[in-house]
Amino acid sequence: MPLRALIFDVDGTLADTERDAHRVAFNQAFAAADLPFDWDVPTYGYYLKVTGGKERLRSFLNDHPEYPQLGDADIARIHKQKTGFYVEMMEAGLLPLRPGVERLLNVAREVGLPIAIATTTTPANVESLLKSTLGKDGPGRFQTIGAGDIVPHKKPAPDIYLYVLRQLGFPAADCLALEDSENGLRSAVSAGLDTVITQTEYTQNQDFSAALRVLDQLGEPQAPAQILQGREAGARVVVDVDLLTQWWKEKTQY
Ligand code: XBP
Ligand code: MG
């Protein structure tokens, strides 16, 4: 039985969106709302432990009683503005896909392997990122896009992956997830999915022991990726459908 679908996370996996896009958009929204704080790079990294932008802001305010405490409606309004700033940034074409991502998506298309998305981020963010990087038909290349508040519990809960698997109509054992974070890995694994990690600056010290492999990126032929955890640790590879299928078939935990 061949691999039947690849399910991609978005933030950190398709593109390195957190530090220079989401964080900046949050700060623009805080300034627009005259809030007396902003998120520097380490602070934002700390609050990435909370998935979902609204939930992240709520968690930050809970930890900082010295700042104005906002109700749910205010948080939703500020978050909506934040989404607007983020979409503007994507429309300006300021953020590339991570190395090897477009190549792997193209290979999947060539061999007829369906691709899908399971993310915590707001649907408008996914759409603007995919259109700005892959063109106006970018979102349509994914058979299913599961995003944001469509499920009751965000990652690390399995809900979004279970939703996407239901939409695809495939059992988890026939698919493979690609993630960048421990919260994402926990979500995918609890949904029953084998998972390959491409870590980022923000996630590099997280626990990925449940992953099939951990890499620094997907790699390009002229600049291969490095396997960081897994049986071939240290090896340089260009991740394609054949290699993912090989890892998925072996189901090896190293
Ligand atoms: C990342 C998230 C999101 C983004 C911000 O999700 O947790 O909250 O940081 O987007 P993933 P929103 O890695 O699953 O793509 O502000 O729209 O939540
Ligand atoms: Mg992610």
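Residues numbered from 1 in each chain as written. Chains lettered and ligands numbered in written order. Predicted model: local features only at pLDDT ≥ 70, side-chain atom pairs only at ≥ 80, totals over all residues. Heavy atoms only, no water.

- As recorded in an unreviewed UniProt entry, the protein goes by Protein CbbY, plasmid and comes from Acidithiobacillus thiooxidans ATCC 19377.

### Some thoughts on the site of ligand 1
Consideration 1: Taken together, 19 residues form the shell around ligand 1, and within it G53, H79, K82, T119 and T122 come nearest.
Consideration 2: In this structure, R56 approaches ligand 1 through a side-chain N or O atom, which is 2.7 Å from an oxygen atom.
Consideration 3: The separation between an oxygen atom of ligand 1 and a polar side-chain atom of N125 is 3.0 Å.
Consideration 4: Protein chains bury 96% of the 450 Å² of accessible surface belonging to ligand 1 in isolation.
Consideration 5: For the shell around ligand 1, the secondary-structure elements that each account for two or more residues are α1 (18-32), α3 (53-63) and α4 (72-91).
Consideration 6: Tallying contributions element by element places α1 first for the shell around ligand 1, with three residues.
Consideration 7: Residues that form the shell around ligand 1 fall into these classes: three nonpolar, 10 polar and six charged. (Near = heavy atom within 4 Å. Polar contact = N/O pair within 3.5 Å; in protein donor to acceptor, adjacent residues only side chain to side chain. Areas by Shrake-Rupley, 256 points an atom, 1.4 Å probe, with all protein chains shown as cover. Helix = DSSP H or I, 4+ residues; strand = E, 2+ residues; numbered from the N terminus. Nonpolar A, V, L, I, M, F, W, Y, C, P; charged D, E, K, R; others polar.)

### Here we look at the sheet that holds strand β2 (residues 115-119)
Consideration 1: What the eight strands build is an open sheet, ordered β3-β2-β1-β4-β5-β6-β7-β8; its pairing is mixed. In this open sheet, the two edge strands, each paired with only one partner strand, are β3 (144-147) and β8 (236-237).
Consideration 2: Where strand β7 (residues 225-229) meets β8, two bridges bridge the pair, whose relative direction is antiparallel. Looking at β8, one finds that Q226 is bridged to R236.
Consideration 3: Docked against the sheet, helix α8 (residues 182-190) engages β4 (175-179) and β5 (194-198), running at close to 165° with respect to β5.
Consideration 4: Along the sheet, helix α9 (residues 241-250) makes contact with β1 (5-8), β4, β5, β6 (213-215), β7 and β8, crossing β4 at roughly 110°. (Pairing = 2+ DSSP bridges. Contact = heavy atoms within 4.5 Å. Axes fitted to C-alpha atoms, helices over the stretch in contact; angles between N-to-C directions.)

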